[in-house]
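An overview of the molecular structure
Chain by chain, the residues run as shown.
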Amino acid sequence: MKIHHIAIICSDYEVSKKFYTEILGLNIIREVYREERQSYKLDLAIGEHYVIELFSFPNPPKRPSRPESCGLRHLAFSVENVNEKRKELIQKGLNCEEIRIDEFTGKEFFFTQDPDDLPLEFYEN
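Residues numbered from 1 in each chain as written. Predicted model: local features only at pLDDT ≥ 70, side-chain atom pairs only at ≥ 80, totals over all residues. Heavy atoms only, no water.

Okay, the overall build of the chain next. A count of helical and extended segments in the chain gives two helices and eight strands. Scanning the chain from its N terminus toward the C terminus, one meets helices and strands in the order β-α-β-β-β-β-α-β-β-β. For 125 residues, the compact-globule estimate of 2.2 N^0.38 gives 14 Å, and the C-alpha radius of gyration of the chain, at 15 Å, lies within 12% of that figure. Seen through its C-alpha atoms, the chain measures out along the principal axes to roughly 50 × 35 × 35 Å. (Helix = DSSP H or I, 4+ residues; strand = E, 2+ residues; numbered from the N terminus. Rg over C-alpha atoms; globule rule 2.2 N^0.38 Å.)

Right, here's the structure in full:
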(Lines give C-alpha, C1' and ligand atoms only; values in the text may rest on other atoms or scores of the structure.)
Protein backbone atom coordinates (compact mmCIF):
# COMPACT_ATOMS: atom_id res chain seq x y z
CA MET A 1 0.00 0.00 0.00
CA LYS A 2 2.78 2.43 1.01
CA ILE A 3 5.93 2.62 3.10
CA HIS A 4 4.97 3.14 6.74
CA HIS A 5 8.31 4.35 8.12
CA ILE A 6 12.08 3.93 7.95
CA ALA A 7 14.08 2.90 11.03
CA ILE A 8 17.56 4.37 11.57
CA ILE A 9 20.00 3.37 14.32
CA CYS A 10 22.37 6.15 15.33
CA SER A 11 25.66 6.12 17.23
CA ASP A 12 25.09 9.39 19.15
CA TYR A 13 21.43 10.01 19.93
CA GLU A 14 21.68 13.71 20.81
CA VAL A 15 23.74 14.51 17.69
CA SER A 16 21.35 12.63 15.40
CA LYS A 17 18.25 14.05 17.11
CA LYS A 18 19.58 17.57 16.53
CA PHE A 19 20.50 16.73 12.92
CA TYR A 20 17.10 15.33 11.94
CA THR A 21 15.07 17.96 13.81
CA GLU A 22 17.11 21.17 13.68
CA ILE A 23 19.12 20.70 10.45
CA LEU A 24 16.60 18.76 8.33
CA GLY A 25 13.51 20.15 10.08
CA LEU A 26 11.62 16.94 10.81
CA ASN A 27 8.94 17.18 13.50
CA ILE A 28 8.99 15.11 16.70
CA ILE A 29 5.89 12.98 17.15
CA ARG A 30 7.07 11.23 20.31
CA GLU A 31 10.25 10.43 22.18
CA VAL A 32 10.56 7.40 24.45
CA TYR A 33 13.45 6.06 26.51
CA ARG A 34 13.28 2.29 26.94
CA GLU A 35 15.26 1.49 30.09
CA GLU A 36 15.34 -2.27 29.48
CA ARG A 37 17.13 -1.69 26.13
CA GLN A 38 19.08 1.43 27.13
CA SER A 39 17.57 2.84 23.97
CA TYR A 40 15.83 5.98 22.80
CA LYS A 41 13.13 5.79 20.14
CA LEU A 42 12.29 9.06 18.42
CA ASP A 43 9.37 9.12 15.97
CA LEU A 44 9.79 11.84 13.33
CA ALA A 45 7.50 13.31 10.69
CA ILE A 46 7.70 15.51 7.64
CA GLY A 47 4.78 17.81 8.32
CA GLU A 48 2.15 15.43 9.66
CA HIS A 49 3.47 12.38 7.77
CA TYR A 50 5.27 9.89 10.05
CA VAL A 51 8.46 8.81 8.26
CA ILE A 52 11.42 7.93 10.50
CA GLU A 53 12.04 6.02 13.71
CA LEU A 54 15.40 7.09 15.13
CA PHE A 55 16.87 4.55 17.57
CA SER A 56 19.88 4.59 19.85
CA PHE A 57 21.45 1.41 21.19
CA PRO A 58 24.64 0.97 23.18
CA ASN A 59 27.68 0.50 20.90
CA PRO A 60 26.09 -0.23 17.50
CA PRO A 61 28.58 -1.27 14.79
CA LYS A 62 29.52 1.37 12.21
CA ARG A 63 27.47 1.34 9.00
CA PRO A 64 29.49 0.68 5.84
CA SER A 65 28.61 3.45 3.35
CA ARG A 66 31.65 3.24 1.12
CA PRO A 67 32.31 1.11 -0.74
CA GLU A 68 28.63 0.54 -1.33
CA SER A 69 27.36 -2.72 0.12
CA CYS A 70 24.16 -4.75 0.17
CA GLY A 71 21.20 -3.34 2.03
CA LEU A 72 19.70 0.10 2.21
CA ARG A 73 21.68 2.39 -0.09
CA HIS A 74 20.30 5.81 0.86
CA LEU A 75 17.23 7.82 1.85
CA ALA A 76 15.80 10.30 -0.64
CA PHE A 77 13.78 13.37 0.29
CA SER A 78 11.65 15.24 -2.22
CA VAL A 79 12.22 19.01 -2.23
CA GLU A 80 10.69 21.88 -4.18
CA ASN A 81 13.98 23.60 -4.97
CA VAL A 82 17.21 21.56 -5.01
CA ASN A 83 19.45 24.64 -5.28
CA GLU A 84 17.85 26.36 -2.28
CA LYS A 85 17.90 23.19 -0.15
CA ARG A 86 21.59 22.65 -0.93
CA LYS A 87 22.43 26.27 -0.01
CA GLU A 88 20.44 25.94 3.22
CA LEU A 89 22.20 22.73 4.25
CA ILE A 90 25.64 24.15 3.42
CA GLN A 91 24.83 27.20 5.57
CA LYS A 92 23.98 24.78 8.39
CA GLY A 93 27.45 23.22 8.06
CA LEU A 94 26.82 20.13 5.93
CA ASN A 95 29.10 18.97 3.16
CA CYS A 96 26.89 18.59 0.10
CA GLU A 97 27.89 17.06 -3.20
CA GLU A 98 27.44 19.02 -6.40
CA ILE A 99 23.99 19.01 -7.99
CA ARG A 100 23.56 16.36 -10.66
CA ILE A 101 20.87 15.66 -13.25
CA ASP A 102 19.03 12.32 -13.26
CA GLU A 103 19.69 10.95 -16.73
CA PHE A 104 16.27 9.26 -16.86
CA THR A 105 13.99 12.00 -15.48
CA GLY A 106 16.02 15.15 -16.14
CA LYS A 107 15.45 16.22 -12.50
CA GLU A 108 18.11 17.70 -10.23
CA PHE A 109 19.43 16.00 -7.07
CA PHE A 110 22.37 15.99 -4.67
CA PHE A 111 23.68 13.95 -1.76
CA THR A 112 24.89 14.67 1.76
CA GLN A 113 25.21 12.42 4.83
CA ASP A 114 23.73 12.16 8.29
CA PRO A 115 26.04 12.10 11.34
CA ASP A 116 26.65 8.35 10.86
CA ASP A 117 27.46 8.71 7.14
CA LEU A 118 24.08 7.42 5.95
CA PRO A 119 23.76 8.92 2.46
CA LEU A 120 20.82 11.30 2.10
CA GLU A 121 19.57 12.40 -1.31
CA PHE A 122 17.54 15.54 -1.98
CA TYR A 123 15.59 15.16 -5.20
CA GLU A 124 13.62 17.71 -7.23
CA ASN A 125 9.87 17.28 -6.77
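This part covers the pairing of strand S3 (residues 39-46). In terms of residue burial, S3 counts as a mostly covered element, since six of its eight residues are buried. Where strand S2 (residues 27-34) hands over to S3, the hairpin turn is made up of four residues, of which Gln-38 adopts a positive phi near 50°. Here six bridges tie S3 to strand S4 (residues 49-56), and the two strands are oriented antiparallel to one another. Counted as the bridge partner of Ile-46 is His-49 from S4. The hairpin formed by S3 and S4 contains two residues between the paired strands, and Gly-47 there has a positive phi angle of roughly 65°. (Buried < 20%, exposed > 50% of the residue type's maximum accessible area, 1.4 Å probe, protein only. Pairing = 2+ DSSP bridges.)

Pairing is mixed in the open sheet, where four strands are placed in the order S1-S4-S3-S2. In this open sheet, the two strands that pair with only one neighbour each are strand S1 (6-10) and S2. Adjacent strand axes in the sheet meet at a mean angle of 20°, parallel and antiparallel pairs treated alike. Where S2 and S3 come together, seven bridges link them in antiparallel fashion. Note that in S3 the partner of Glu-31 across the bridge is Leu-42. Sitting on the sheet, helix H1 (residues 13-23) is in contact with S1, S2, S3 and S4, with an inclination near 165° to S4. (Axes fitted to C-alpha atoms, helices over the stretch in contact; angles between N-to-C directions. Contact = heavy atoms within 4.5 Å.)

This part takes up the sheet that holds strand S7 (residues 108-113). Hydrogen bonding along the main chain pairs the strands of a sheet, whether they run parallel or antiparallel. In space, the four strands of this open sheet follow the order S5-S8-S7-S6, with mixed pairing throughout. This sheet does not close on itself; its edge strands, each paired only once, are strand S5 (75-79) and strand S6 (100-101). Judged from the five bridges that link them, S5 and strand S8 (residues 119-124) form a sheet pairing that is parallel. Along S8, the bridge assignment pairs Phe-77 with Phe-122. Of the strands in this sheet, S5, S7 and S8 are in contact with helix H2 (residues 82-91), which crosses S7 at around 20°.

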